[in-house]
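Each chain, written out:
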Amino acid sequence: MAAQQESPAIAIARAHVEAWSNHDFDTARTLLAPDVRVTATATQPRQPATALTGADDYMAGLTRFAQAVVPGSLRILASAGDERNALLMLTVEVKFGAGKATLAGARLYLLDDNDKIKTEHVIYYIAQD
């Protein structure tokens with residue numbers, strides 16, 4: 001099936017990033033499959049690659065990361081998707097200590113048969129302001 005601008009998968013992916021970027025971790029968790037898998041990678045050497053499986057490990061990592069995200073700073077730049085797949089390109093502002101930066105990235109999602117996030121692949125870089 002051809003990609004749709006406002007597909008079901010895009011709606012779920014958008015709800016997920018809106019939740020965690022605003023520190024609503026309970027809502028973010030409700031959108032995950034119990035056996036969710038996430039990978040995250042960046043080209044910057046101080047940003048370690050991540051590979052986690054399971055909602056508990058996923059949420060522990062996401063919560064640690066998202067604490068630095070400035071609530072309300074999410075900007076979705078582009079999206080594409082269909083019933084099961086979604087791709088979001090986005091930015092968020094992050095605050096590490098006294099400094100602020102912009103995190104730019106893309107997030108690729110696969111939903112399971114229950115419309116829960118089964119797989120997420122994240123690529124990103126951090127641009128110092």
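Described below are features of the structure shown in this document. Note that the structure is predicted; figures quoted are calculated from it, not measured. Residue positions within a chain follow its written sequence, with the count starting from 1. Side-chain atom pairs in this predicted model are given and counted only at pLDDT of 80 or more, local residue features only at pLDDT of at least 70, and totals for whole chains, interfaces and linings cover all residues. Side-chain calculation: all heavy atoms of the structure are included, whereas hydrogens and water are not.

What to know about the sheet that holds strand β6 (residues 117-128)
Point 1. Paired strands are those between which DSSP finds at least two bridges. Strands are runs of DSSP state E lasting at least 2 residues, helices are runs of H or I lasting at least 4, and numbering of each runs from the N terminus. What the six strands build is an open sheet, ordered β2-β1-β6-β5-β4-β3; its pairing is mixed. Since the sheet does not close on itself, it has two edges, and those belong to β2 (50-53) and β3 (75-81), each with one partner. In this sheet, adjacent strand axes meet at a mean angle of 20° when their direction is disregarded.
Point 2. Note that strand β1 (residues 32-42) and β6 share seven bridges and pair parallel. Looking at β6, one finds that R37 is bridged to T119.
Point 3. Running at roughly 10° to strand β4 (residues 85-96), helix α1 (residues 8-21) makes contact with β1, β3, β4, β5 (99-111) and β6 of the sheet.
Point 4. Sitting on the sheet, helix α3 (residues 55-66) touches β1, β2, β5 and β6, and the angle it makes with β1 is about 45°. Where helices are involved, their axes are fitted lines through C-alpha atoms of the stretch in contact, as for all axes, and angles between N-to-C directions lie from 0 to 180°. Any two residues having at least one pair of non-hydrogen atoms within 4.5 Å are treated as being in contact.

Focus: the pattern of salt bridges
Point 1. Each reported salt bridge corresponds to a side-chain nitrogen of Lys or Arg within 4 Å of a carboxyl oxygen of Asp or Glu. A full pass over the atoms with the stated rule returns four salt bridges.
Point 2. When the shortest N-O distance is used, the salt bridge between D56 and R29 registers 2.4 Å. One end of the pair, D56, is in helix α3; the other, R29, is in helix α2 (residues 25-30), with 27 residues separating them in the sequence.
Point 3. Relative accessibility thresholds used throughout: buried, under 20% of the residue-type maximum; exposed, over 50%; partly exposed, between the two (1.4 Å probe, protein chains only). Look at D56 and you get exposed, because its relative accessible area is 54%.
Point 4. Taking relative accessible area as the criterion, R29 reaches 35% and is therefore assigned partly exposed.

Concerning the nonpolar core
Point 1. Within this scheme, the nonpolar core is defined by two criteria: the residues are buried Ala, Val, Leu, Ile, Met, Phe, Trp, Tyr or Cys, and they are joined through side-chain atoms within 4.5 Å. Counting 36 residues, the largest nonpolar core has W20 and I117 as its most contacted members.
Point 2. Mapped onto this core, the elements with two or more residues apiece are α1, α2, β1, α3, β4, β5 and β6.
Point 3. Residue contributions to this core peak at seven residues, all from α1.
Point 4. Not counting chain neighbours up to four residues away, the residues in contact with W20 comprise F25, A28, L62, F65, A66, V69 and R107.

Note that all results are geometric; they support no functional claim without further evidence.
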